[in-house]
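Residues per chain, in single letters:
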Amino acid sequence: MLGGALPTSGRERWVHLAPLAAVALFLAAIVAAFAYLRMEEVRREQEAVKRDVEYSQQRLRLRLLERQEQLMRLARDIANQDVGTGQFRVRAETMVAQYPELQALGWIDMQRHVLAAEASPATYPQPEWVNSQALNANDLEAGYRLASDLLQPVYSQPIAVKNTDPRLQLHVPIVLQGKFAGELLAEYSIDALLRYGVPAEILAKYATALLDSKGQLLAGQTIPERIGLTAQLAWADKVNTFDAPVSPVGNGLILRAQAWRTSQGVLGSTLIWLVVVLAVMTGWMLMANWRQTQRRQQAQLALQTETSFRRAMENSVLTGMRALDLKGRISYVNPAFCQMTGWSEAELLGQSEPFTYWPAEDRDELSTRLNEELGGAADPTGFQMRVKRKDGTLFDARLYVSPLIDATGKQSGWMASMTDITEPNRVRQQLSASYERFTTVLEALDASVSVAPLGSIELLFANRLYRQWFGGTTDGHLKLVARAGTLEVAASDESLDTIDSFAGLPLDSLSSTLAADQSEVYIERLGKWLEVRSRYLNWVDGRLAQMVIATDITARHQAQEMAAAQAERAQTVSRLITMGEMASSVAHELNQPLTAISNYCTGMISRIRSGQISEDALLGALEKTARQAQRAGQVVQHIRSFVRRSEPRREWADIAVIVEQVLELADIELRRRQVRLTHHLARDLPALHVDPILIEQVLINLIKNSAESIDTARRAPGNRTVDLRVTQRDIDGMPAVQFAVTDTGRGLPPEVQRRLYEAFFSTKNEGLGIGLNLCRSIVEAHQGRIEADNLYNADSVVGCRFSFWIPVGPSINTDDDKSDHSSKVANP
């Protein structure tokens, strides 16, 4: 019924809208007709204005050309000496009197002297040049020069003089035998030119004016443009205007005509307003009638629509619906209930217990449930039951029962909704089995796993190892979090109520944003080192929780400590080996000051016995002896501080101090091998957070190896050089200090370069092969890198360069002098 009513309603709507549409079309036709007539009227008016302006422009042109021809004939007579000054005055007076637009006429010679001039008596004030002896005005001078250059009549631009009418000047040259011999200067009144040059009927019909090249009004009148909102409307009357330049003056003088407004406009028509009012009233009446009809149709369809909606809803719902009367008979089932059980509506209606969809083995229990339902004692949370289909198969269902109230507010039976929960039960069983397997895996882990919500003392999960170490409380969880330095919210009594302190927060993005933390802690009670990892997650109930995994790394930690101790002993042994290899050089270095001390003491004893020594000479000899002893003590102190075994200790060290210590230790070996050492430190080097002794060990090892390479290559005395350079540079976008040791030895063969840092690999017969390996370990322990390259001259190897860099830590101000250490040479 609803489907058949909708098209009828649509047709009726169009029937009622047809008169309104006819009125709207009629009004549109009237408006279009008036608009067309108005446009035709405006177009004809524009054509009339254009025609009249062009006619007036021709009249002005012919009048100006006639005066110009008369003046040119007069100029020829003057050039032929047929007219003198007296005759000129007579003819000028006649022309001025005959033509009212001509206000003044003058004769100017080549020296710009006014020989004769006549002006109209009606002109006030008269032009200045008429009564003067020569041309002085700049505007007259410009026209005079142009006429003398072109030898043609020249119109100057209209001149507007204050308190006088604007004037137009004509310069007619007097040509004698092809040469300029003066000019005739004529002045026109622009206002008189407009009044006498434009026909009177055009002046009466239009607002006529003469304008200059800039659009300024010179004579006549113009119609001002409308100002306001009405001037912007599409149907607003526009002023019909047409402009035309006046030749032979050109664009300097423009004739403009504007038609007077005589039309009332489209909207001023009484007929149009009457038609519009009648159309609006008719449309309003038709709309009121249509709305009344619509409301009546809506009232008729309300019940049908509501019934159809309820029926469609019942047929579309996937939940089975069953109604019982007060005696327990089935009074209604929906299609979903029939589809679930396999029984048709006709087979189910009117049945009483036992119902056909009850399994035989569950009838006693279901009968008890039905009696409770009819007695009003049904469980509002529903109950689970098995349902038998018509084909004999069973499925699990959940039944919810509530009273059925009719339209009068009285109970007429019981309504039950049935949902198929076979699939949810299967999924629940699978989840239970999966949870059991997952729990078994976590219980067997050799790591402690615990989960607790933020801000609560509740322990959500703990595996076997956690319970073995910390028990069943959150004390161990919170202790691991605190020791590991992970952010934790203060515990509250949230577990005692249902309030979540993180309610409303976007927990999904929060848990994914908080990355996992990892740290190592020592638990005194357990006597173990634990690696603690934690991350945030959303618990099954939506709360934000923290999971902590603690792994026993005591064995690994002990192995790392042993490895560190071995590395420390290896570094100490390397320093001892280095000093052992330099023992002969050290002995030679100590022998020099000891020999000097012995000689000074022997000399002093001899001179004291002979009585030939003064007190000053004795003091000088003692001072020299003390200096030699101090020198020997410094050598021993440097060697002792270098080889002594101490705990690795990083500190902010000045690079200049490190280099100075290295130079003092290495200088002994270099002088013994007759190798020259140069060094250069860049300006403003920053302090480094390093172990100074280890950095000194790397530099001494590299310098000693360079000296040995030069000695093995048997270089000439002038080519036995080791260069140490310390500079600051950026490596991978990170500031660092680079140390480079360059020698002039024989370089590194390719097979040696591949195994250069391999432990116990050496190219020396007595070498142990641990020097460069320890150097790399020390540099990398300071987050640096070491590398070696051969130096080439063409295809020949002329040396080798070892370089390493140490990253610069945070800026530290030191009191050391940062001046540039210029290159120094230690000669053997």
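Participant: Whenever I open this one, the sheet that holds strand E4 (residues 167–176) confuses me. Can you help?
Facilitator: Neighbouring strands of a sheet are bound in pairs by backbone hydrogen bonds; such pairs are parallel or else antiparallel. Strand order across the open sheet formed by five strands is E2-E1-E5-E4-E3, with antiparallel pairing between neighbours. This sheet does not close on itself; its edge strands, each paired only once, are strand E2 (114–119) and strand E3 (154–155). Inspection of the sheet shows E4 paired to strand E5 (residues 179–189) by nine bridges, in the antiparallel sense. Residue pairing for E5: leucine 176 is matched across the bridge by lysine 179. Along the sheet, helix H2 (residues 85–98) makes contact with strand E1 (102–108), E2 and E5, crossing E2 at roughly 25°. Those strands touched by helix H4 (residues 190–197) are E4 and E5, and its axis lies near 70° from that of E5.

Participant: Could you clarify how one ought to interpret the environment of alanine 117 in this entry?
Facilitator: As for its placement among the helices and strands, alanine 117 is situated in strand E2. Each C-alpha atom, one on alanine 117 and one on phenylalanine 88, is 8.5 Å from the other, the two residues being 29 residues apart in sequence.

Participant: So what exactly am I meant to see when it comes to the side chain of glutamine 351 here?
Facilitator: Along the chain, glutamine 351 falls in the loop between helix H8 (345–348) and helix H9 (363–374). The class for glutamine 351 is buried, based on a relative accessible area of 15%. Of the polar contacts made by the side chain of glutamine 351, one reaches the backbone nitrogen of threonine 356; its length is 3.4 Å. Other than its neighbours up to four places away in sequence, glutamine 351 contacts Gly328, Arg329, Ile330 and Thr356.

Participant: I tried to follow the pattern of salt bridges on my own but got confused; where do I start?
Facilitator: Oppositely charged side chains can form a pair if their charged atoms are brought close together. For the structure on display, the rule yields 31 salt bridges. Ionic pairing is found between lysine 704 and glutamate 708, a salt bridge with its closest N-O pair at 3.3 Å. With lysine 704 and glutamate 708 both in helix H18 (residues 692–713) and four residues apart, the pair spans about one turn of that helix. Here the two residues lysine 704 and glutamate 708 agree in accessibility, since each one is buried.

Participant: Honestly, the pairing of strand E26 (residues 796–807) in this entry has me stumped. Any pointers?
Facilitator: Each regular strand carries side chains that alternate between the two faces of the sheet. Across eight bridges, strand E24 (residues 734–743) lies against E26 in antiparallel orientation. Residue pairing across strands places valine 741 opposite phenylalanine 802, the latter belonging to E26. As defined by bridge partners, strand E25 (residues 785–793) adjoins E26 across nine bridges and the pair is classed as antiparallel. Bridge pairing in E26 places asparagine 790 opposite cysteine 800.

Participant: Sorry, what's going on with unusual backbone geometry here?
Facilitator: Note: most residues except glycine have negative phi, and most peptide bonds are trans. A cis amide bond, omega 10°, links serine 247 with the succeeding residue proline 248. The topology assignment puts proline 248 in the loop between strand E8 (241–246) and strand E9 (250–259). Geometrically, the link from glutamate 353 to proline 354 is a cis peptide bond, its omega value of -5° lying close to zero. Within the secondary structure, proline 354 sits in the loop between H8 and H9. Phi at leucine 151 takes a positive value of approximately 55°, unusual for a residue other than glycine.

Participant: How do you make sense of empty space enclosed by the protein when you look at a structure like this?
Facilitator: It is the rolling of a water-molecule-sized probe over the atoms that shows where space remains empty. Summed over all chains, the structure comprises four cavities of 30 Å³ or more. Here the largest cavity defines a volume of roughly 100 Å³. Contributing to the lining of the largest cavity are 13 residues, with Arg322, Trp358, Phe383, Met385 and Leu399 lying nearest its centre. Sorting the residues of the lining of the largest cavity by element identifies H9 and strand E12 (383–388) as the ones contributing at least two each. If you tally residues by element for the lining of the largest cavity, the top one is H9, at four residues.

Participant: Just to check I follow, could you spell out the sheet that holds strand E7 (residues 217–220) for this structure?
Facilitator: Strand order in the open sheet made by the four strands is E7-E6-E9-E8, with antiparallel pairing throughout. Pairing within the sheet leaves two strands with one partner each, and these edge strands are E7 and E8. Taking each pair of neighbouring strands and ignoring which way they run, the sheet shows an average axis angle of 25°. Note that E8 and E9 share six bridges and pair antiparallel. If you follow alanine 244 over to E9, its bridge partner there is leucine 255. Sheet strands touched by H4: strand E6 (206–211), E7 and E9. Its angle to E7, the strand with the most contacts, is close to 40°.

Participant: Just to check I follow, could you spell out the packing of aromatic side chains for this structure?
Facilitator: To describe a pair of aromatic rings, you give the distance between the ring centres and the angle between the ring planes. Counted by the stated rule, this structure contains nine aromatic pairs. Centre to centre, the rings of phenylalanine 355 and tryptophan 358 are 5.1 Å apart; their planes meet at 80°, and the pair counts as edge-to-face. Residue tryptophan 358 is classed as buried on the basis of its relative accessible area, which comes to 4%. For the ring pair tryptophan 469 and phenylalanine 470, a centre distance of 6.3 Å and an interplane angle of 90° mean the geometry is edge-to-face.

Participant: Teacher, can you tell me more about the side chain of glutamate 118 here?
Facilitator: Position of glutamate 118 among the secondary structure elements: in strand E2. Look at glutamate 118: it is buried, it has no salt bridge, and the nearest opposite charge is arginine 89 at 4.4 Å. Other than its neighbours up to four places away in sequence, glutamate 118 contacts Arg89, Ala92, Glu93, Val96, Gln103, Ala104 and Leu105.

Participant: Please clarify how the nonpolar core should be interpreted in this entry.
Facilitator: For soluble globular proteins, nonpolar side chains are generally found buried alongside one another. Counting 47 residues, the largest nonpolar core has Phe739, Phe802 and Phe804 as its most contacted members. Beyond its immediate chain neighbours, meaning those up to four positions away, phenylalanine 804 contacts Val698, Leu699, Leu702, Val737, Gln738, Phe739, Val779, Arg785 and Ile786.

Participant: So what exactly am I meant to see when it comes to the pairing of E1 here?
Facilitator: Summarising burial for E1: seven of the seven residues are buried, a large majority. As paired elements, E1 and E5 share six bridges and run antiparallel to each other. By the bridge assignment for E5, leucine 102 is matched with tyrosine 188. Inspection of the sheet shows E1 paired to E2 by five bridges, in the antiparallel sense. Looking at E2, one finds that isoleucine 108 is bridged to valine 114.

Participant: Help me understand the packing of helix H17 (residues 655–672) against H18 in this model?
Facilitator: Each packed pair of helices is defined by two parameters, the angle between the axes and the distance between the axes. Packing of H17 against H18 brings their axes to within 9 Å, and their N-to-C directions diverge by 35°. Crossing geometry of H17 relative to H18 is assigned as right-handed. Contacts from Ile658, Gln661, Val662, Leu665, Ala666, Glu669 and Leu670 of H17 reach H18 at Pro692, Ile695, Glu696, Leu699, Ile700, Ile703, Lys704 and Ala707. For the contact of H17 with H18, the residue count by class is eleven nonpolar, one polar and three charged.

Participant: Sorry if this is basic, but what is going on with the environment of proline 686 here?
Facilitator: Within the secondary structure layout, proline 686 lies in the loop between strand E21 (676–681) and strand E22 (688–690). A sequence separation of 122 residues divides proline 686 from valine 808, and the C-alpha atoms of the two residues are 7.3 Å apart. Each residue touching proline 686, except ones within four places of it in the same chain, is listed here: Ile655, Gln728, Val737 and Val808.

Participant: I'm lost on the packing of H18 against helix H20 (residues 771–781) in this one. Help?
Facilitator: Packing of H18 against H20 leaves a shortest axis separation of 10 Å and a crossing angle of 145°. The hand of the H18/H20 crossing is left-handed. The residues of H20 that touch H18, namely those facing Leu694, Gln697, Val698, Asn701, Leu702 and Asn705, are Gly771, Leu772, Leu774, Cys775, Ile778 and Val779. Residue composition of the contact of H18 with H20, by class: eight nonpolar, four polar and no charged.

Criteria and thresholds
- Residues numbered from 1 in each chain as written.
- Predicted model: local features only at pLDDT ≥ 70, side-chain atom pairs only at ≥ 80, totals over all residues.
- Heavy atoms only, no water.
- Pairing = 2+ DSSP bridges.
- Helix = DSSP H or I, 4+ residues; strand = E, 2+ residues; numbered from the N terminus.
- Contact = heavy atoms within 4.5 Å.
- Axes fitted to C-alpha atoms, helices over the stretch in contact; angles between N-to-C directions.
- Buried < 20%, exposed > 50% of the residue type's maximum accessible area, 1.4 Å probe, protein only.
- Polar contact = N/O pair within 3.5 Å; in protein donor to acceptor, adjacent residues only side chain to side chain.
- Salt bridge = Lys/Arg side-chain N within 4 Å of Asp/Glu carboxyl O.
- 1 Å grid on protein atoms, 1.4 Å probe; cavity = no way out; pocket = protein on both sides within 12 Å on 5 of 7 lines; lining within 4 Å.
- Points joined across faces, edges and corners; volume = space filled by probe spheres on them.
- Phe/Tyr/Trp six-rings, centres within 6.5 Å; stacked < 30°, edge-to-face > 60°.
- Lys, Arg positive; Asp, Glu negative; His and termini not counted.
- Core = buried A, V, L, I, M, F, W, Y, C linked by side-chain atoms within 4.5 Å.
- Left-handed = near helix turned anticlockwise from the far one by under 90°.
- Nonpolar A, V, L, I, M, F, W, Y, C, P; charged D, E, K, R; others polar.

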